[in-house]
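An overview of the molecular structure
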Amino acid sequence: MNLPRTDKKRLVIIGGGFAGISLAKKLKDLDVQLVLIDKHNYHTFQPLLYQVSTSGLEPDSIAYPIRKVLKRLHNFHFRLASVEHIDAENRNITTNIGNLTYDYLVIATGTETNFFGNEEVAKNAMPMKNVPQALNIRSYMLQNFEKADDSEDYDERKSLLNFCVVGGGPTGVELSGALAELKQNVFPKDYRHLNIDEMEIHLFEGADRLLPPMSEHASEKATAFLEELGVQIHLNTLVSNYDGDTVTLSDDSTMRSKNLVWAAGVTGAKIEGLKAESLVEKLNRFKVDRFNRIEGYDTIFAIGDIAYMETEEYKAGHPQVAQPAIQQGEHLADNLVHLIKGEPMKPFSYNDKGTMATVGRNRAVVDLKKLKFSGFFAWFVWMFVHLMALVGFRNRVVVFFNWAYNYINYDKAARLIVRPYKTRA
Ligand SMILES: Cc1cc2nc3c(=O)[nH]c(=O)nc-3n(C[C@H](O)[C@H](O)[C@H](O)COP(=O)(O)OP(=O)(O)OC[C@H]3O[C@@H](n4cnc5c(N)ncnc54)[C@H](O)[C@@H]3O)c2cc1C
């Protein structure tokens, strides 16, 4: 990899997600050569991916070029590359475009979809972790509608119009709600000759309630909202196989579906090379101390979803959501300044600001520390928080106008098929 020669120390960040970007943004006064590497040239606002999948938003309103986000940094270099290996002994990383040495290394690679070792599911289900995958879901779903409109075979149509969402966490709940709104408000106008009642939306959750990490109140409300929208909820139910046409459930029952979105779990996007002891193997997360330093290393750090920090309050690590990633990124920036000046670093402590999920128009659930609420006000809060959290003023404006337009017109305008017909991106 070619970078200008310098006598400054080199700090390499792998990953331009919530953690990597919030770290880099706060490093403008640090006198180092800063290199950020990501396999995408943009930062993705993952919480709104489901709106891209369901035609509510175009992808460029939830993604933002990394070079543009960090344009104010001096001595900053971005490289579009995938990091494959870390050689800690020689302080060297291997990427698909060459090698690079570092003085300080920060791993902020987030997570990838976890299919729990089921290769057939991995081959046929649609994951939703990045923009190409979200666009793929959108195209595939619309292509199946086009096919159904031209089919005289009832069973084939049912399979094409049967939507299965696996995982009743916030992503599964939000996606199911958005699909139900398409069924209610949009598809009946587009496909006037189809019997829209043939479209079914099934949401599968292995636990005994939806939104397991949230309060009982949030679960009950989200369940009621989804049922009002006609989503069929299957609790205590695991999807054990999917061959692209038949979904097999844990009780061995089956149903036909051409559309199965897998939102059932994630695993750390680890990079090979570090000692086995520094990894929590079953989660693929790097064990870090209170300074986000990876166990066994002085100059290698991990932040965000990939970091596993065990504390009194978070015995199983912090939740894999945006806030810990942002807060760890910002905190590590301060600590790196201390480290480079030879000052002591400060331990990280997480400030939990609450969790929320939306089910659709006027329907959301919010859990704050002491307050739990749902309905229209929760939906308004959800929209405000997500709008403010988006990276880039332009994206906030575009998303705001899209939401206003969709709200007034009961529409989701981005119904374009832009990819070839295949399940995986
Ligand atoms: C569909 C979906 C919905 C979500 N909804 C919410 C929500 O509503 N609220 C919430 O708080 N959280 C939500 N989350 C979780 C939240 O997005 C994550 O917790 C957050 O993105 C973690 O930030 P991160 O920086 O650790 O990782 P990420 O944001 O995932 O960033 C990791 C970056 O590393 C890059 N990368 C990975 N491996 C490599 C490699 N080998 N080489 C180079 N680059 C690499 C990736 O391209 C990516 O840009 C959602 C996640 C998903 C997938």
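Quick caveat, the model's predicted, so the values are computed rather than measured.

**Regarding empty space enclosed by the protein**
If you roll a probe as big as a water molecule over the atoms, it shows you where there is empty space left. This structure, assessed with the given rule, holds 3 cavities of 30 Å³ or more. By volume, the largest cavity amounts to about 340 Å³. Along the wall of the largest cavity there are 23 residues; nearest its centre are Gln51, Glu181, Arg361, Asn406 and Lys412. Broken down by secondary-structure element, the contributors of at least two residues to the lining of the largest cavity are α2 (49-53), α7 (170-190), β24 (355-360), α10 (376-389) and α11 (393-409). Considering every element that reaches the lining of the largest cavity, the biggest residue donor is α7, with 6 residues. For the lining of the largest cavity, a count of residues per class yields 10 nonpolar, 8 polar and 5 charged. Lining the second largest cavity, in full, are Ser53, Thr54, Met126, Ile137, Met141, Phe163, Leu175, Leu179, Asn259 and Val261. Sorting the residues of the lining of the second largest cavity by element identifies α5 (131-149), α7 and β18 (259-262) as the ones contributing at least two each. Residues of the lining of the second largest cavity, tallied by class, amount to 7 nonpolar, 3 polar and no charged.

**So, the packing of α10 against α11**
Their axes nearest at 9 Å, the elements α10 and α11 cross at an angle of 150°. Relative to α11, α10 is oriented roughly antiparallel. Across the interface between the two elements, Phe376, Trp379, Trp382, Met383, His386, Leu387 and Met388 of α10 pack against Arg396, Val399, Phe400, Trp403 and Tyr407 of α11. Here the residues of the contact of α10 with α11 sort into 10 nonpolar, 1 polar and 1 charged.

**What about the layout of surface pockets?**
Approximately 510 Å³ is the volume found for the second largest pocket. Lining the second largest pocket are 22 residues, and of these Ile21, Ser22, Lys25, Val69 and Val391 sit closest to its centre. Going through the elements one at a time, α1 (18-25), α3 (66-69), α9 (322-341) and α10 are the ones with two or more residues in the lining of the second largest pocket. Ranked by residues supplied to the lining of the second largest pocket, first place goes to α1 with 4 residues. Along the lines of polarity and charge, the residues of the lining of the second largest pocket split into 11 nonpolar, 3 polar and 8 charged.

**Examining the domain arrangement of the protein**
The parts lose accessible area when they come together, and the size of an interface is often stated as this lost area. For the protein, the assigned domains read domain 1 (10-39 + 81-113 + 267-340) and domain 2 (119-264). Computed over C-alpha atoms, the centres of domain 1 and domain 2 are 34 Å apart.

**Section: the site of the ligand**
Looking at the ligand, there are 27 residues lining it, with Ala19, Asp38, Val83, Asp305 and Ala322 nearest. Here alanine 19 contributes a backbone N or O atom positioned 2.8 Å from an oxygen atom of the ligand. With respect to the ligand, the backbone of valine 321 contributes an N or O atom lying 3.3 Å from an oxygen atom. In the complex, 89% of the free accessible area of the ligand, which totals 1000 Å², lies under the protein chains.

Cut-offs used in this document
Residues numbered from 1 in each chain as written. Predicted model: local features only at pLDDT ≥ 70, side-chain atom pairs only at ≥ 80, totals over all residues. Heavy atoms only, no water. 1 Å grid on protein atoms, 1.4 Å probe; cavity = no way out; pocket = protein on both sides within 12 Å on 5 of 7 lines; lining within 4 Å. Points joined across faces, edges and corners; volume = space filled by probe spheres on them. Helix = DSSP H or I, 4+ residues; strand = E, 2+ residues; numbered from the N terminus. Nonpolar A, V, L, I, M, F, W, Y, C, P; charged D, E, K, R; others polar. Axes fitted to C-alpha atoms, helices over the stretch in contact; angles between N-to-C directions. Parallel < 35°, antiparallel > 145°, perpendicular 65-115°, else oblique. Contact = heavy atoms within 4.5 Å. Domains from an automatic or database assignment. Near = heavy atom within 4 Å. Polar contact = N/O pair within 3.5 Å; in protein donor to acceptor, adjacent residues only side chain to side chain. Areas by Shrake-Rupley, 256 points an atom, 1.4 Å probe, with all protein chains shown as cover.

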